[in-house]
Amino acid sequence: MMDERVNENTTENNTDRFLTIAMPKGRIFDEALGLLRRAGYDLPPEFDDSRKLIIDVEEADLRFILSKPMDVPTYVEHGVADAGVAGKDVMIEEERDVYEVLDLKISECYMAVAALPSYDAKTDIAPKIATKYPNLAAGYFREQGEQVEIIKLNGSIELAPLIGLADRIVDIVSTGRTLKENGLVETETMMPITSRFIVNPVSYRMKADRIDEMVERLEQVVEGGSMR
C-alpha cells in the first residue's frame, strides 16, 4: 500500500498549492527521482513502484504526472504541468513553447545515423531515412545540405534497413548494443543528448519562488553537491 504521504485523491480542489511536474516513465524517471531525493525532496520509497499516472506527495506539495517521454513537453506547454523533465531529443523534435532552464545531465546518450556496413552514401541519391524523430532528422540533413526522404516509424527502427524500407536510420544510441545485434554500424554522430528541466512560461511567473528553489537545489546536486 502506498505511504499515506502519497494522496490517492487527485480530484480535490487544492491544485494551486501543488507544484505539478510531468515525468517520463523509465530510465529518465528513475534518474530524475534520484536527483530530487539528493536535492532534499522527501519522496516515499513506494513512489518508485507506483502504477498510478498521477501521484500527489502531500508533505512536499508536489504532484507528479507520469507519461510517455514525447508527451511531457505537451503537458508543460499547455499548463497542466508547471514543469517537467524531458530529453533534449524530445525538445528538439516537439518544438514546444516552454522554458528549458537546466541541463540535468542524466540519461546521457547521443543521436546517430546508422546503416548496414555495405551501404555507400556516395552512390545513393535522395536516400530514405527511418526515424522516430522526423523533425530532428530533417533539420540535421538540411544543415548537411543532403536531400533525403524521411520515413517516420514508432518502433524497431533498426528493422528498416534490414527489410529494405530505408537506407539509413536516425536514432538514440546509448551503448550501441542494439545496432550491433542487428548488424548496423554508426555512420555519423549527430549530437549529445541529456535530460532537461523545463517550465511552463506562465507557471514561471505565478510560481517563480518555488520553481527557482527547485532549480537551484537541483543545480547544486547536478554540479556535484548535495542538499543532505
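Per chain, residues are indexed from 1 in the order of the written sequence. Local features in a predicted model are, by the rule used here, given only for residues with pLDDT of at least 70; side-chain atom pairs are given and counted only at 80 or more, and totals for whole chains, interfaces and linings are based on all residues. Think of the side-chain values as coming from all heavy atoms in the structure, minus any hydrogens and water.

Attention shifts here to helix 4 (residues 134–143). For each residue, the accessible area found with a 1.4 Å probe, counting protein chains only, is set against the maximum for its type, and the residue is called buried under 20%, exposed over 50%, and partly exposed in between. The numbering of helices and of strands both runs from the N terminus, where a helix is a DSSP run of H or I of at least 4 residues and a strand a run of E of at least 2. For helix 4, the full list of buried residues reads Pro134, Leu136, Ala137, Gly139, Tyr140 and Phe141. At the exit of helix 4 stands Gly145, carrying a positive phi of roughly 75 degrees.

What follows deals with a nonpolar patch on the surface. Among the surface-exposed residues, Leu159, Leu162, Ile163 and Leu165 lie close enough to one another that they form a single nonpolar patch of about 340 Å² accessible area. Among the secondary structure elements, Leu165 is positioned in the loop between helix 5 (159–162) and strand 10 (168–173). The residues that make up patches have over 30% relative accessible area and no salt bridge, and they are joined within 9 Å when like-charged or within 5 Å when they are Val, Leu, Ile, Met, Phe, Trp or Tyr. Only the protein chains shown count as cover for residues, and all accessible areas are computed by the Shrake-Rupley method using a 1.4 Å probe. Salt bridge, as used here, is a side-chain nitrogen of Lys or Arg placed within 4 Å of a carboxyl oxygen of Asp or Glu.

Before going further, it helps to spend a moment on the environment of Gly155. As for its position among the elements, Gly155 is in the loop between strand 9 (149–152) and helix 5. Residues Gly155 and Thr131 lie 24 residues apart in sequence; the distance between their C-alpha atoms is 8.6 Å.

Let us now look at the environment of Val221. Tracing the backbone shows Val221 in helix 8 (residues 208–222). Considered as a pair, Val221 and Arg63 are 158 residues apart in the sequence and their alpha carbons are 21 Å apart.

What follows covers the pattern of salt bridges. What the rule picks out here adds up to 14 salt bridges. The residue Glu31 makes a salt bridge to Arg27 at a minimum N-O spacing of 3.0 Å. With Glu31 and Arg27 both in helix 1 (residues 27–38) and 4 residues apart, the pair spans about one turn of that helix. For Glu31, a relative accessible area of 28% puts it in the partly exposed group. Residue Arg27 is classed as partly exposed on the basis of its relative accessible area, which comes to 40%. Where Glu146 meets Arg168, a salt bridge forms, and the shortest distance between an N and an O atom there is 2.3 Å. Taken together, the positions of Glu146 in the loop between helix 4 and strand 9 and Arg168 in strand 10 put the pair 22 residues apart, joining distant regions of the chain.

The next thing to look at is the confidence of the model for the chain. For the chain, mean pLDDT is 90; residues scoring 70 or higher make up 90% of the total. Every residue carries a pLDDT, the predictor's confidence in it, which falls somewhere between 0 and 100. Contact criterion: two residues are considered in contact whenever any of their non-hydrogen atoms come within 4.5 Å of each other. When the criterion is pLDDT under 50, residues 1–14 qualifies, and its contacts beyond four places in sequence or with other chains add up to 28 contacts.

Here we come to the side chain of Arg196. Within the secondary structure, Arg196 is located in strand 12 (residues 195–199). The exposure class assigned to Arg196 is buried, which follows from its relative accessible area of 14%. Of the polar contacts made by the side chain of Arg196, one reaches the side chain of Glu100; its length is 2.8 Å. By the criterion applied in these results, polar contacts are pairs of N or O atoms within 3.5 Å in which, for protein atoms, one can donate a hydrogen and the other can accept it, and in which residues neighboring in sequence qualify only through two side-chain atoms. Reaching out from Arg196, the side chain makes a polar contact with the side chain of Thr194 at a distance of 3.0 Å. Setting aside residues no more than four positions away along its own chain, Arg196 makes contact with Gly84, Val85, Ala86, Lys88, Glu100, Leu102, Asp103 and Leu104.

The class of Glu146 is partly exposed, set by a relative accessible area of 26%. Note: C-alpha distance between Glu146 and Ala126 (20 residues apart in sequence) is 7.7 Å. Among all residues touching Glu146, those that are not within four sequence positions of it are Pro127, Phe141 and Arg168.

With that settled, the discussion passes to unusual backbone geometry. The backbone of Ser107 sits at a positive phi, close to 50 degrees, despite the residue not being glycine. On the accessibility criterion, Ser107 (7% relative accessible area) is buried. If you check the backbone angles, Ser156 has positive phi at about 50 degrees while not being a glycine.

This paragraph deals with the packing of aromatic side chains. In this analysis, rings of Phe, Tyr and Trp, with Trp reduced to its six-membered ring, are considered paired at centre separations within 6.5 Å, and the interplanar angle assigns stacked below 30 degrees, edge-to-face beyond 60, and tilted for intermediate values. Here the structure, examined in full by the defined rule, presents 2 aromatic pairs. Their ring planes at 55 degrees and their centres at 5.8 Å tell us that Tyr99 and Tyr204 sit as a pair that is tilted. With Tyr99 in strand 6 (residues 99–103) and Tyr204 in helix 7 (residues 201–206), the pair connects residues that are 105 residues apart, well separated along the chain. The criterion is that NZ of a Lys, or CZ of an Arg, lies within 6 Å of the ring centre and within 35 degrees of the ring normal, and then a charge sits over that ring. Positioned over the ring face of Phe18 is Arg17, at 4.5 Å from the centre of the ring.

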